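A structural walkthrough
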Amino acid sequence: MFKDKDTFKRALTRQLVDKLGRPLEEVSEADVYKVLSGMIREQIGRDWAQTNTVYKEQKEKQVYYFSMEFLIGRLLGNNLLNLGVLETVRDGLKELGFPFGEVEEQESDAGLGNGGLGRLAACFMDSLASLQYAGHGTGIRYKYGLFEQKIMDGNQVELPDYWLQKGNEWEIRRPDKQVEVRFWGNVVTREVQGRLIFETIQYESVRGVPYDVPIIGFGNPHINTLRLWSAESMMDPFRQPSGQDGSYYRYLDYNRSVESISEFLYPDDSHYEGKLLRLKQQYFLCSAGVQSVLRTFGKLNLPLTELPEKVAIQINDTHPTLVIPELMRLLIDDNGFGWDEAWEITNKVVGYTNHTILSEALEKWPQQMVKELLPRIYMIIEEIDRRFRIQLNERYPDQPDRVSRMAIIEHNQIRMAHLAIHGGHSINGVAALHTEILKKREMKDFYELYPERFNNKTNGITHRRWLMYANPDLAALVTECMGSRWIKHPQELNGLIKCCKDAAFQNEVAKVKKQNKERLAAYILEKQGITVDPNSLFDIQVKRLHAYKRQLLNVFHIIHLYNQLKENPNMDIVPRTFIFGAKAAPSYYLAKRIIKLINTVAARINGDKAVRDVLKVIFLENYSVSLAQKIIPAADVSEQISTASKEASGTGNMKFMMNGALTVGTMDGANVEMHEMLGDENMFIFGLSAEQVQNFYQYGGYSAWDMYNSDSRIHEVMDQLIAPGPVCSQENEFRDIYQSILDHNDEYFVLKDFSSYIEAHLNIDLAYRNQSDWHQKAILNIAHSGKFSSDCTIREYASEIWKISPVKRRQI
Ligand code: 26Q
């Protein structure tokens, strides 16, 4: 692309002047960002087209990852990295007087996701392209991403995230590829030559316009497509000219309602709520996406019976489950297939990934809502349910309860997970423990019916963004130690095992960590005016705020530490900086109160001179992908402390591990697999096991009040939530949190795990005192993290679910 630094400098300077018509001295960082990203887009155009040509000519099987969320973050740096010119560009820009960091900051984060599920989709895009698979993303181009968080007076305030304000250099609008999506209306049934024909009349049309984003493979000319759909109005939505029947105002109403479909991303509070607009969004994604898939397939001139050989659709949680009835509709109504044949095709094409066992988060749509908004789709779902019940009654003739438990429509609700499992050929969990829980408990009935469909695919993260890009100094060190093969084969990071005892290497790793901590400290000082000591232990919990993730356990421990220090000011502890980052769903009251509590405790502790040198608490506002890239490389300790069985996998845990942080965590999600490799010496495990938690739920036997009454440390901390003192400035300030724990019997076992959590932290304190041992552990964490590269995950999806291989270009 750019042969060397000087070629790059010449090319950029020329473009800057040509495009802006201004001398170099008057050019801003924003200008440089725009021109540079434009240059890259132009340069990759040919490879992008070529990739698509190869797909078509070689009739490659295509995978489509359907997701309501793609949490991409910024693309400039990552694209430069994958194109192999990051260093050239960085050096060249520096010489031209534009620090890369500042140019990069001009780009808004594409925050089109809530958290783990959305970021996973983005990591998968990177791995698919880098491994040269024919795999694409299908999503929605939300005008507003997840809200921007401000902290005001300790509380979260939400602001709209208008990320497109400055334009998006990475997308290409493709009006030529638009599709029509229909809502509402009535279905009329006719019989034509002995066949039933279904036609929807009086519907409302919406135009789906795709915006394509190139996904650049690392070190190869392979470029896939992330296709994001935008909803726009049709000129003639009701099939009559507007105005002729006084419908002008109706048209304006229509316009507004259409644009709202791709207006904003719904925040997740893990509590299912059936909102009409969300259903519209989901169907919009599914219908536009499937139509586009079939159109691309159509160019191969093959019969649709061959669709499963040429197309796989993976649905990211149940959010895009409507691809199942939508594909059925297109096959039957538009292509004349009979039910059975259409069902077989659909079944072979679709696979479903589950990301939660929280039953309150499982999607269930009100039957009536679906019936009205999507009448034909509803008919198809009804028919799927009718046939499924027949099948179940045959198989379980005397078990009506089981049949109702498993049915797709029951109690006037449509259960999307049931539809997804029955309608697809594969269902996978996202970590070994999670998949086992699905099989043995949550989806037990379905596992008994379809055991061959269940499989595990432990999540992963792209080591390109999360190690090479976010922590270049550490990546360079790894390469220095053992060469660069790990970049293409991340599992070879385990070559570091042999260096873990090497004192010189440990020192180098320590130096890099220290620099990363200094950078984060500078950021904290700049944003909050608070000085934190880079020599203190950085203990970090960054993730969505949710009761089951137990940020409360962390804060309670901090309050306890503070109590101890006040009682014994000479207590010998390793100085600690606790850092939080978390967004709460706007309607999630308790989560927002926990943010307020963290900030209140932080203000008190940071303002207390007596503990100034040993304890600091920082809440960083607006946690996002870009902020994660700054924070994670600076962590000594990673907090992964969910109630066992509740966190499907976690992926933050993997990012920290790959950056050499040690985990304090429960035996939950992928922590279990980390522990399998690292053992007790290299991570700090505490708390109830998933099985113990489930036994308490099933058989009872836990009392939060008993914990409160029997453990003075707990008693003290809990009382401080309601009595004026180091936490509350007035009486009852945090009574809501107090009650959520004590009166609701501590649903997430915060108090139950408190004691063993304290102990784990004592062990951390001890371990950190021996720096050489600590760095040895850190190196072992990095060494074992290769298994969690999303490259490994994607290879498993490819070979076991999608049945695809990397694309080899034949000579054309
Ligand atoms: C649903 C309906 C209406 C509005 C929002 C939602 C919604 C949106 C996002 C429901 C759930 C989500 C996101 C879930 C999620 O991020 N789950 C996480 O997925 C990760 C990737 O597999 C796992 O590592 C985490 O354990 C899991 O919590």
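Everything that follows concerns the structure shown earlier in this document.
Residues numbered from 1 in each chain as written. Predicted model: local features only at pLDDT ≥ 70, side-chain atom pairs only at ≥ 80, totals over all residues. Heavy atoms only, no water.

1. Topic: the overall build of the protein
- The helix and strand inventory of the protein stands at 33 helices and 25 strands.
- Considered along the principal axes of its C-alpha atoms, the protein spans approximately 90 × 75 × 55 Å.
- Within the protein, buried positions represent 60% of all 812 residues.
- When the accessible surface of the protein is totalled, it reaches about 31800 Å², and 48% of it is carbon and sulfur.
- The positive charge centre, built from 96 side chains, and the negative charge centre, built from 106, are 4 Å apart in the protein. (Helix = DSSP H or I, 4+ residues; strand = E, 2+ residues; numbered from the N terminus. Buried < 20%, exposed > 50% of the residue type's maximum accessible area, 1.4 Å probe, protein only. Areas by Shrake-Rupley, 256 points an atom, 1.4 Å probe, with all protein chains shown as cover. Lys, Arg positive; Asp, Glu negative; His and termini not counted. Charge placed at Lys NZ, Arg CZ, Asp CG, Glu CD.)

2. A few points about unusual backbone geometry
- Unusually for a residue other than glycine, Lys59 sits at a positive phi of about 50 degrees.
- Mapping Lys59 onto the fold places it in the loop between α2 (29-57) and β1 (62-66).
- Lys59 gets classed as partly exposed once you look at its relative accessible area, which sits at 33%.
- Of note, Ser270 is a non-glycine position whose phi angle comes to about 55 degrees, a positive value.
- Secondary-structure assignment places Ser270 in the loop between α7 (248-259) and α8 (276-298).

3. A short note on the pattern of salt bridges
- A complete count under the given rule lists 54 salt bridges for this structure.
- Its salt-bridge partner being Glu383, residue Arg386 comes within 2.8 Å of it at the nearest N-O pair. With Arg386 and Glu383 both in helix α13 (residues 375-395), this residue pair falls 3 residues apart, about one helical turn.
- Asp791 is paired through a salt bridge with Arg464; the nearest N and O atoms lie 2.7 Å apart. In this pair, Asp791 sits in helix α33 (residues 790-802) while Arg464 sits in helix α18 (residues 463-469), placing the two residues 327 residues apart along the sequence. Note on accessibility: Asp791 and Arg464 belong to one class, buried.
- The structure contains a network of salt bridges with shared partners spanning Arg402, Arg405, Lys444, Asp445 and Glu448. (Salt bridge = Lys/Arg side-chain N within 4 Å of Asp/Glu carboxyl O.)

4. Digging into the site of the ligand
- Close contacts around the ligand come from 18 residues, with Leu117, His355, Asn459, Glu647 and Gly650 the closest.
- In the model, an oxygen atom of the ligand is placed 3.3 Å from a nitrogen or oxygen of the Ala648 main chain.
- Ser649 is positioned with one of its backbone polar atoms (N or O) 3.1 Å from an oxygen atom of the ligand.
- Alone, the ligand offers 610 Å² of accessible surface; in the complex the protein occludes 87% of this. (Near = heavy atom within 4 Å. Polar contact = N/O pair within 3.5 Å; in protein donor to acceptor, adjacent residues only side chain to side chain.)

5. A short note on helix α16 (residues 432-442)
- Looking at α16, one finds that the buried residues are His434, Thr435, Ile437, Leu438 and Lys439.
- Those residues of α16 that are buried lie in contact with β18 (426-429), α17 (444-449), β19 (454-456) and α27 (690-699). (Contact = heavy atoms within 4.5 Å.)

6. Some remarks on the nonpolar core
- Among the nonpolar cores identified, the biggest contains 194 residues, and Leu12, Leu93, Leu520 and Trp802 are the most heavily contacted of them.
- Residues in contact with Leu520, not counting those within four places in the same chain, are Phe538, Ile540, Ile579, Leu620, Lys630, Ile631 and Ala634.
- Counting 77 residues, the second largest nonpolar core, distinct from the first, contains Phe578, Tyr702, Phe749 and Ala760. (Core = buried A, V, L, I, M, F, W, Y, C linked by side-chain atoms within 4.5 Å.)

7. Things to note about the packing of aromatic side chains
- The tally for this structure, following the rule as stated, stands at 20 aromatic pairs.
- Ring plane angle 20 degrees and centroid distance 6.1 Å describe the contact between Phe388 and Phe446, whose orientation is recorded as stacked. On the criterion of sequence distance, the pair formed by Phe388 in helix α13 and Phe446 in helix α17 is long-range, its members being 58 residues apart.
- Given a relative accessible area of 2%, Phe446 falls into the buried group.
- The rings of Tyr65, Phe124, Tyr797 and Trp802 are connected pair by pair, giving a single aromatic cluster.
- Taking NZ or CZ as reference, Arg376 lies 3.9 Å from the ring centre of Phe198, over its face.
- Positioned above the aromatic ring of Tyr396, the side-chain terminus of Arg402 is 4.3 Å from the ring centre. (Phe/Tyr/Trp six-rings, centres within 6.5 Å; stacked < 30°, edge-to-face > 60°. Lys NZ or Arg CZ within 6 Å of the ring centre and 35° of its normal.)

8. Points about the sheet that holds strand β15 (residues 364-366)
- Taken in spatial order, the 3 strands make up an open sheet running β15-β17-β16, and their pairing is antiparallel. In this open sheet, the two strands that pair with only one neighbour each are β15 and β16 (409-410).
- Note: β16 against strand β17 (residues 413-415), 2 bridges, orientation antiparallel. Residue Glu410 lies in a different strand from β17, and its bridge partner there is Gln413.
- Its contacts with the sheet put helix α15 (residues 416-423) on β15 and β17, and the angle it makes with β17 is roughly 45 degrees. (Pairing = 2+ DSSP bridges. Axes fitted to C-alpha atoms, helices over the stretch in contact; angles between N-to-C directions.)

9. Topic: the sheet that holds strand β21 (residues 576-581)
- The parallel open sheet is built from 6 strands, whose spatial order is β22-β21-β20-β23-β24-β25. Looking at strand neighbours, the two that pair on one side only are β22 (615-619) and β25 (684-685), the edges of this open sheet.
- With 2 bridges connecting them, strand β24 (residues 662-665) and β25 associate as parallel partners. By the bridge assignment for β25, Val664 is matched with Phe684.
- On the sheet, helix α22 (residues 551-567) packs against β20 (537-542), β21, β22 and β23 (637-640) and is oriented at approximately 155 degrees with respect to β21.

10. Some remarks on the pairing of strand β11 (residues 204-216)
- Counting buried residues in β11 gives 12 out of 13 residues, a clear majority hidden from the surface.
- Across 2 bridges, strand β7 (residues 172-173) lies against β11 in antiparallel orientation. Along β11, the bridge assignment pairs Arg173 with Tyr211.
- Strand direction decides the pairing type here: strand β8 (residues 179-183) and β11, joined by 5 bridges, are antiparallel. Note that in β11 the partner of Glu180 across the bridge is Arg207.
- Once β11 ends, the chain turns through 6 residues before running back antiparallel as strand β12 (residues 223-233), passing Gly219 with a positive phi of about 65 degrees.

11. Topic: the packing of helix α10 (residues 323-334) against α13
- The geometry of α10 relative to α13 is characterised by a closest axis approach of 9 Å and an angle of 100 degrees between their N-to-C directions. In this view, α10 runs roughly perpendicular relative to α13, as classed from their interaxial angle. Mapping the contact onto sequence places Ile324, Pro325, Glu326, Met328, Arg329, Ile332 and Asp333 in α10 and Arg376, Ile377, Ile380, Ile381 and Ile384 in α13.
- For the contact of α10 with α13, the class distribution of residues is 8 nonpolar, no polar and 4 charged. (Parallel < 35°, antiparallel > 145°, perpendicular 65-115°, else oblique. Nonpolar A, V, L, I, M, F, W, Y, C, P; charged D, E, K, R; others polar.)

12. Things to note about the side chain of Asp385
- Checked against the element boundaries, Asp385 lands in helix α13.
- By relative accessible area, Asp385 is classed as buried at 7%.
- Within the structure, the side chain of Asp385 is placed 3.0 Å from the backbone nitrogen of Ile408, a separation counted as a polar contact.
- In contact with Asp385, other than residues within four places in its own chain, are Ala407, Ile408 and Ile409.

13. Topic: the environment of Lys808
- Within the secondary structure layout, Lys808 lies in the segment after α33.
- The spatial distance from the C-alpha of Lys808 to the C-alpha of Glu747 is 52 Å, given a sequence separation of 61 residues.

14. Focus on the pairing of strand β6 (residues 155-159)
- Alignment of strand β5 (residues 148-152) against β6, held across 5 bridges, turns out to be antiparallel. Its bridge partner being in β6, Lys150 is matched across the sheet by Val157.
- Here β5 folds back onto β6 in antiparallel fashion, the turn holding 2 residues, of which Asp153 has a positive phi close to 55 degrees.

15. Quick word on the environment of Val601
- By the secondary structure assignment, Val601 is in helix α23 (residues 589-606).
- Between the C-alpha atom of Val601 and that of Val555, which follows or precedes it by 46 residues, the distance is 8.0 Å.
- The contact partners of Val601, leaving out residues within four places of it in the chain, are Val555, Ile558, Ile559 and Val727.

16. Points about a nonpolar patch on the surface
- On the surface, Tyr248, Tyr249 and Leu252 cluster together to form a nonpolar patch covering roughly 360 Å² of accessible area.
- Residue classification places Tyr248 among the partly exposed positions, given a relative accessible area of 47%. (Patch = residues over 30% accessible without salt bridge, like charges linked within 9 Å, V, L, I, M, F, W, Y side chains within 5 Å.)

17. Points about the side chain of Asn82
- Within the element layout of this structure, Asn82 appears in helix α3 (residues 76-83).
- Within the structure, the side chain of Asn82 is placed 2.9 Å from the backbone oxygen of Ile216, a separation counted as a polar contact.
- Ignoring anything within four residues of it in the chain, the contact list for Asn82 reads Asp126, Ser130, Ile216, Gly217, Phe218, Gly219 and Arg464.

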